[in-house]
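For reference, the chains in residue letters:
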Amino acid sequence: MQNYNYKYYEPLEQMIAVRHQYMSKIIKKFTNLNIYEYLNNKKILDIGCGTGEFLKNYHDLDNQCIGIDIQKNFKFKNVNGYILKNIDLKGFIKNNKKKFDVIFLFEFLEHLNLEDRKFLFKNLFNLLNKNSLVFISTLNKNIISRFFSIEIAEKYLKLLPQNTHEYKYFIKPSEIQNLAKSNKLSLLDISGMSYNPIFKSFKLSNFDLINYFGTLSS
Ligand SMILES: C[S@@+](CC[C@H](N)C(=O)[O-])C[C@H]1O[C@@H](n2cnc3c(N)ncnc32)[C@H](O)[C@@H]1O
């Protein structure tokens, strides 16, 4: 695995607002609460948390947060209720006894090999309390997503370091649906996300052939 640096994590910071917007939309639709009412005093796990910056926002909203990442690029120190662990997915799951109300899998699934992906989905239900939510963002698998995320974003615009992505690990919404179904989870939603390279911003969109969000529920 390559050693990531700030250049790798910088574009992800541009996704913070759209993720919050997506979660707000889903939480409103499925719980009728606003995100600030719902994401309060919850137990949140961020798998592949990167710098921990996204998760920090939800600790600031008084949630108990754990972030795990195989690399140690954490921006913030651990404090009560905000713990970042430098551990891989398998190591964490094998030793974990906690259950969570919300799990984040943001820009994570497309970095997992197929064995680890299977392992994650096999164990996801047991990591969750009843009626919990799993928020996902990832890359769809087709020639368009391959062209834009590798040829354009990595090689031409150089928005990301080369070899950030391996096409074979990209995942279609239908694959998420099948993995969810065979592991006692329901797929509540799939929504597209589009990128504007001029404004360097992401927004929710009906176009889900490249980047998309998904939500699972236990
Ligand atoms: C594209 S980054 C996403 C970071 C963060 N979720 C975000 O969106 O800002 C993917 C992260 O997953 C981590 N990762 C990859 N494989 C992992 C594994 N098996 N266990 C834990 N973390 C892993 C990488 O180190 C990297 O920080």
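Residues numbered from 1 in each chain as written. Predicted model: local features only at pLDDT ≥ 70, side-chain atom pairs only at ≥ 80, totals over all residues.

Here we look at the overall build of the protein
So, point 1. The helix and strand tally for the protein stands at eight helices and eight strands.
So, point 2. Computed over its C-alpha atoms, the radius of gyration of the protein comes to 16 Å, within 12% of the 17 Å expected for a compact globule of 218 residues.
So, point 3. Each principal axis of the C-alpha distribution contributes one length, and for the protein these read about 45 × 35 × 35 Å.
So, point 4. In the protein, which comprises 218 residues, the proportion classed as buried is 34%.
So, point 5. Pairs at least 24 apart in sequence give 62% of the contacts found in the protein among residues at least 6 apart. (Helix = DSSP H or I, 4+ residues; strand = E, 2+ residues; numbered from the N terminus. Rg over C-alpha atoms; globule rule 2.2 N^0.38 Å. Buried ≥ 20, exposed ≤ 12 C-beta atoms within 10 Å, placed from the backbone. Contact = placed C-beta atoms within 7 Å.)

Focus: the pairing of strand E6 (residues 186-196)
So, point 1. Note that E6 and strand E8 (residues 211-217) share seven bridges and pair antiparallel. Its bridge partner being in E8, Ser-191 is matched across the sheet by Phe-213.
So, point 2. Bridge analysis of E6 against strand E7 (residues 201-205) gives five bridges, and the strand direction is antiparallel. Looking at E7, one finds that Ser-194 is bridged to Lys-203.
So, point 3. Between E6 and E7, which pair antiparallel one after the other, the connecting turn spans four residues, and Lys-200 there sits at a positive phi close to 50°. (Pairing = 2+ DSSP bridges.)

Description of helix H6 (residues 114-127)
So, point 1. Taking 1.5 Å of rise per residue, the 14 residues of H6 would be expected to cover 20 Å, and the 20 Å separating its terminal C-alpha atoms lies within 8% of that figure.
So, point 2. Regarding H6, the residues found buried are Arg-117, Leu-120, Phe-121 and Leu-124.
So, point 3. Contact partners of the buried residues in H6: helix H5 (89-95), strand E5 (128-139) and helix H8 (173-181). (Expected span 1.5 Å × (residues − 1).)

A look at the environment of Phe-74
So, point 1. Its place among the elements puts Phe-74 in the loop between strand E2 (64-69) and strand E3 (82-86).
So, point 2. Of the residues examined, Phe-74 has 18 C-beta atoms within 10 Å and is grouped as partly exposed.
So, point 3. Each C-alpha atom, one on Phe-74 and one on Phe-54, is 11 Å from the other, the two residues being 20 residues apart in sequence.
So, point 4. The residues contacting Phe-74, other than those within four sequence positions of it, are Thr-51, Gly-52 and Leu-84.

Some details on the site of the ligand
So, point 1. Taken together, 18 residues are adjacent to the ligand, and Leu-12, Gly-48, Gly-50, Ile-70 and Leu-89 come closest.
So, point 2. Within the shell around the ligand, the residues separate by chemical class into 10 nonpolar, four polar and four charged. (Near = placed C-beta within 6 Å. Nonpolar A, V, L, I, M, F, W, Y, C, P; charged D, E, K, R; others polar.)

Re the sheet that holds E8
So, point 1. Spatially, the eight strands line up as an open sheet ordered E3-E2-E1-E4-E5-E8-E6-E7, and their pairing is mixed. Because the sheet does not close on itself, it has two edges, and the strands there are E3 and E7. Ignoring strand direction, the axes of neighbouring strands in this sheet form an average angle of 20°. (Axes fitted to C-alpha atoms, helices over the stretch in contact; angles between N-to-C directions.)

Observations concerning the environment of Lys-29
So, point 1. You can see Lys-29 is positioned in helix H2 (residues 16-31).
So, point 2. Assessed through the 11 C-beta atoms surrounding it within 10 Å, Lys-29 is described here as exposed.
So, point 3. Residues Lys-29 and Leu-185, 156 residues apart in the sequence, show an inter-C-alpha distance of 18 Å.

Regarding the nonpolar core
So, point 1. Counting residues in each nonpolar core, the largest one holds 50 residues, and the members touching the most others are Ile-44, Ile-103, Leu-105 and Val-134.
So, point 2. Those residues within four positions of Ile-44 in sequence are excluded, and the remaining contacts are Leu-55, Tyr-58, Asn-63, Gln-64, Cys-65, Phe-100, Asp-101, Val-102 and Phe-104. (Core = buried A, V, L, I, M, F, W, Y, C linked by C-beta atoms within 7 Å.)

Section: the pairing of E8
So, point 1. Within E8, six of the seven residues are buried, which leaves the element mostly enclosed by the surrounding structure.
So, point 2. Bridge count between E5 and E8: seven bridges; the pairing is antiparallel. Bridge pairing in E8 places Thr-138 opposite Tyr-212.

Comments concerning unusual backbone geometry
So, point 1. You will see that Asn-41, though not glycine, has its phi angle at about 60°, which is positive.
So, point 2. Counting through the fold element by element, Asn-41 comes out in the loop between helix H3 (35-38) and strand E1 (43-47).
So, point 3. A positive phi angle, near 50°, is found at Glu-107, a position not held by glycine.
So, point 4. With respect to the secondary-structure elements, Glu-107 resides in the loop between strand E4 (100-106) and H6.
So, point 5. A tally of 22 C-beta atoms within 10 Å means that Glu-107 is categorised as buried.

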